[in-house]
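In case you want the letters, here they are:
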Amino acid sequence: MCHVIVTCRSMLWTLLSIVAAFGELIAFMSTDWLVGFPRTPDSVFGHHGATAAGEAYRPTLGIYGRCIKLPHMQRGILCGPYAIHFGEIASGFWQATSIFLAAGILLLCAVAFISVFTMCFQSIMKKSIFNVCGLLQGIAGLFLILGLMLYPAGWGSDKVQLYCGHDAAPYRAGLCSMGWAFYTAMGGTVLTFVCAVFSAQAEIATSSDKVQEEIEEGKSLICLL
């Protein structure tokens, strides 16, 4: 018989797990990892930035995408992937970043999907589903950390220097500033480890003596604070 067990701690863990997965996925797909120096569509790059007449804007560069304004465009900014194939990603470090982030996000999405069903199933192969998911979140967090550590090492690539100036080098962003996607990825990584630790509390909440008493009384829907 399926017992639907809902507790504040288990629901909070489920919600945080979904937020962490969604945040990392959005950050990975975004082009706002680096914000370039101000320029115009027909700007000419000099030692101190771009110089040209017209309305200036700041292009953005992601791991595999970018947002720019082309000279023939009257208004609006064109966003899309600059790398059609994996080998066209700006540098080997960013390729490694893509692999580690994708692996971490895949695990987080799997946990987020499983977490929705933890109200009905609290164990899998006689193992607590919360502990298994917490372990997967810990592994995902390690993948994310590796990806974020390798990401700045790719700032010396030709692609980054085109957006950030010739002063750009590994772990030095030159004329660029960090975009919201990078900070979102960092926040998602921290939240991933929080979820990994909090999964133990969710497991304790759903296997408490009070829950067992409710089950013995024949209740199929159990809601506890």
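Residues numbered from 1 in each chain as written. Predicted model: local features only at pLDDT ≥ 70, side-chain atom pairs only at ≥ 80, totals over all residues. Heavy atoms only, no water.

1. Regarding the nonpolar core
The following threshold applies: Nonpolar cores were defined as sets of buried Ala, Val, Leu, Ile, Met, Phe, Trp, Tyr and Cys residues, with membership established by side-chain atoms within 4.5 Å. With a 1.4 Å probe rolled over the protein chains alone, any residue whose accessible area is under 20% of its type maximum counts as buried; one over 50% counts as exposed, and the rest are partly exposed. The helix and strand labels rest on DSSP assignments: H or I over at least four residues marks a helix, E over at least two residues marks a strand, and numbering proceeds from the N terminus.
Membership of the largest hydrophobic core comes to 32 residues, with the highest contact counts inside it found for Trp33, Leu34, Trp94, Tyr151, Trp155 and Val160. Of all the elements in the fold, those that place two or more residues in this core are α1 (8-29), α2 (92-115), α3 (129-150), α4 (158-164) and α5 (180-206). The biggest single contributor to this core is α2, with 5 residues.

2. Some thoughts on the packing of α3 against α5
The line we're drawing: Lines are fitted to the C-alpha atoms to define the axes, a helix being fitted only along its stretch in contact, and any angle between axes, read from their N-to-C directions, falls within 0 to 180 degrees. Any angle from 65 to 115 degrees is called roughly perpendicular, while one under 35 is roughly parallel, one over 145 is roughly antiparallel, and all others are oblique. In this scheme the handedness of a crossing depends on how the near helix is turned from the far one: anticlockwise by less than a right angle means left-handed, clockwise means right-handed. Two residues form a contact once any of their heavy atoms are found within 4.5 Å. As a working rule, the residues Ala, Val, Leu, Ile, Met, Phe, Trp, Tyr, Cys and Pro are called nonpolar, Asp, Glu, Lys and Arg charged, and the rest polar, with Gly in that last group.
Contact geometry for α3 and α5: axes closest at 9 Å, N-to-C directions at 165°. As the angle between them shows, α3 and α5 are arranged roughly antiparallel. Between α3 and α5 the crossing geometry is left-handed. Contacts between α3 and α5 involve Phe130, Asn131, Gly134, Gln137, Gly138, Gly141, Leu142, Leu144, Ile145 and Leu148 on the former and, on the latter, Phe182, Ala185, Met186, Thr189, Thr192, Phe193, Cys195, Ala196, Ser199, Ala202, Glu203 and Thr206. Considered class by class, the residues forming the contact of α3 with α5 number 12 nonpolar, 9 polar and 1 charged.

3. Here we look at the UniProt feature "transmembrane region" (unreviewed entry) in the protein chain
Formally: UniProt positions are given in the numbering used here, feature names are shortened, and annotations may be inferred rather than shown by experiment.
In the numbering used here, UniProt assigns the feature "transmembrane region" (unreviewed entry) to residues 12-35, 93-117, 129-151 and 180-200. Taken end to end, residues 93-117 is 92% helix and 0% strand, and its two terminal C-alpha atoms sit 37 Å from one another. The span residues 129-151 is 96% helix and 0% strand, and its two end C-alpha atoms sit 33 Å from each other.

4. Here's the deal with the packing of aromatic side chains
Each aromatic ring pair is specified by the distance between its two centres and by the angle formed by the two planes. Our working definition: Pairing of aromatic side chains requires ring centres within 6.5 Å, counting the rings of Phe and Tyr and the six-membered ring of Trp. Pairs whose planes differ by under 30 degrees are stacked, by over 60 edge-to-face, and all others tilted.
All chains considered together, the criterion is met by 10 aromatic pairs. Residues Phe28 and Tyr64 carry aromatic rings whose centres are separated by 5.7 Å and whose planes lie at 50° to one another, so their mutual orientation is tilted. Here Phe28, found in helix α1, pairs with Tyr64, found in the loop between β5 (60-61) and β6 (65-68); they are 36 residues apart in sequence, far enough to count as distant. The partly exposed category is assigned to Tyr64, whose relative accessible area is 27%. An angle of 90° between the planes, with centres 5.9 Å apart, marks the rings of Tyr151 and Trp155 as edge-to-face. On the accessibility criterion, Tyr151 (0% relative accessible area) is buried. Of the residues examined, Trp155 reaches a relative accessible area of 7% and is grouped as buried. An aromatic cluster is defined as three or more aromatic residues linked by ring pairs; in this entry it consists of Trp33, Trp94, Tyr151, Trp155, Phe182 and Tyr183.

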